[in-house]
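If you want the building blocks of each chain, they are given just below.
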Amino acid sequence: MDNTSMNGTRNEGVKRNNTVKVKFMVVSAMLGAVSVILMLFEFPLPFAPGFYKLDISEVPVLIGTFAMGPLAGAVTELIKILLNFVINGTTTGGVGEFANFLIGCSFCVPAGIIYQRMRTKKGACIALASGTVIMTVIGCVINAYILLPTYAAVFGMPIDSLIAMGSAVNPAIDGIWTFILLAVMPFNLLKGVIVSVILLLVYKKISPILHKKIG
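Our subject in this report is the structure included herewith. (Residues numbered from 1 in each chain as written. Predicted model: local features only at pLDDT ≥ 70, side-chain atom pairs only at ≥ 80, totals over all residues. Heavy atoms only, no water.)

Notes on the environment of Ile 138
Logical step 1: You can see Ile 138 is positioned in helix H5 (residues 121-154).
Logical step 2: Look at Ile 138 and you get partly exposed, because its relative accessible area is 32%.
Logical step 3: Taking the C-alpha atoms as reference points, Ile 138 and Leu 102, separated by 36 residues in sequence, lie 8.4 Å from one another. (Helix = DSSP H or I, 4+ residues; strand = E, 2+ residues; numbered from the N terminus. Buried < 20%, exposed > 50% of the residue type's maximum accessible area, 1.4 Å probe, protein only.)

Topic: H5
Logical step 1: Residue Asn 143 marks the point of greatest curvature in H5, where the axis turns by about 55°.
Logical step 2: Note on H5: the residue one or two positions beyond its end, Gly 156, has a positive phi of about 60°. (Bend = angle between axes of the 7 residues up to and from the residue.)

Things to note about the nonpolar core
Logical step 1: Counting 28 residues, the largest nonpolar core has Leu 62, Phe 66, Leu 199 and Tyr 203 as its most contacted members.
Logical step 2: Counting only elements with at least two residues in this core, the list comes to helix H1 (3-39), helix H2 (58-68), helix H3 (70-88), helix H4 (95-117), H5 and helix H7 (176-214).
Logical step 3: No other element matches the seven residues that H2 contributes to this core. (Core = buried A, V, L, I, M, F, W, Y, C linked by side-chain atoms within 4.5 Å.)

Quick word on the environment of Thr 92
Logical step 1: Of note, Thr 92 is situated in the loop between H3 and H4.
Logical step 2: Under the relative-accessibility criterion, Thr 92 is labelled buried at 7%.
Logical step 3: Residues contacting Thr 92, with those up to four places away along its chain left out, are Glu 97, Thr 150, Tyr 151 and Val 154. (Contact = heavy atoms within 4.5 Å.)

Some remarks on the pattern of salt bridges
Logical step 1: This structure, assessed with the given rule, holds two salt bridges.
Logical step 2: Connected through shared salt-bridge partners, Glu 58, Glu 77 and Lys 80 make up one network. (Salt bridge = Lys/Arg side-chain N within 4 Å of Asp/Glu carboxyl O.)

A closer look at the packing of aromatic side chains
Logical step 1: This model, assessed by the stated rule, comprises seven aromatic pairs.
Logical step 2: On the numbers, 4.9 Å between centres and 40° between planes, the contact of Phe 51 with Tyr 52 is tilted.
Logical step 3: With relative accessibility at 34%, the residue Phe 51 sits in the partly exposed group.
Logical step 4: Each ring, one from Tyr 52 and one from Phe 179, has its centre 6.0 Å from the other, and the planes form 50°; the classification is tilted. Of the two residues, Tyr 52 sits in the loop between strand E1 (43-44) and strand E2 (53-54) while Phe 179 sits in helix H7, which places them 127 residues apart along the sequence.
Logical step 5: Using a relative accessible area of 9% as the deciding quantity, one classes Tyr 52 as buried.
Logical step 6: Among the aromatic residues, ring-to-ring pairing joins Phe 51, Tyr 52, Phe 179 and Phe 187 into one connected group. (Phe/Tyr/Trp six-rings, centres within 6.5 Å; stacked < 30°, edge-to-face > 60°.)

Description of the side chain of Asn 84
Logical step 1: Along the chain, Asn 84 turns up in helix H3.
Logical step 2: For Asn 84, a relative accessible area of 14% puts it in the buried group.
Logical step 3: Sequence-distant contacts of Asn 84, that is, excluding residues within four places in its chain, are made with Val 36, Met 39 and Gly 89.

Pasting the structure below:
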């Protein structure tokens with residue numbers, strides 16, 4: 001093979017890689033935008049204070065994760081958080097958004113890694129169950145040590161006031177760890193289950209469309 005042919009092959013490879021990267025970012029941005037829209041449709045839960053509201057914005061993130069891998073999930077999650085930050089602003093100086101990014105990634109990244117190795121329906125179920133458990137554990141830690149102290153500081157109230165809001169919906173909540181166990185933990189578990197069920201119902205219908213856009 002002469003140098004001209006080698007250079008042509010190399011250039012074609014570079015163009016193909018650049019095209020794949022562009023499509024990767026376009027699809028991630030599109031899914032991130034859909035996630036931001038879904039964040040608008042949130043609802044409170046009877047066992048948690050009103051400032052904990054459930055939405056299904058992780059569904060597009062996980063669709064991207066399963067279609068393009070765990071990196072795509074993290075990128076889509078980042079786009080979702082940044083778009084929401086730009087559109088709605090922040091009341092926590094970015095701390096809450098950063099914590100939500102970590103919690104979202106703790107769901108999609110492990111799920112994506114497992115699904116890459118087990119691309120079957122059973123593998124998807126294992127991936128989503130594992131992601132839900134990991135998200136719940138990390139969500140509890142982040143809420144206890146980052147989110148609740150940050151919200152208390154931002155709104156100028158002691159953490160006891162936040163705990164009292166939890167006690168109002170569940171008298172068994174009488175401290176930070178009962179708040180975590182009886183409000184935060186079931187909140188994240190329920191969110192993981194709902195998002196997982198929706199993903200399992202829609203992914204096979206949507207994935208061929210995404211693969212056409214990516215391929």
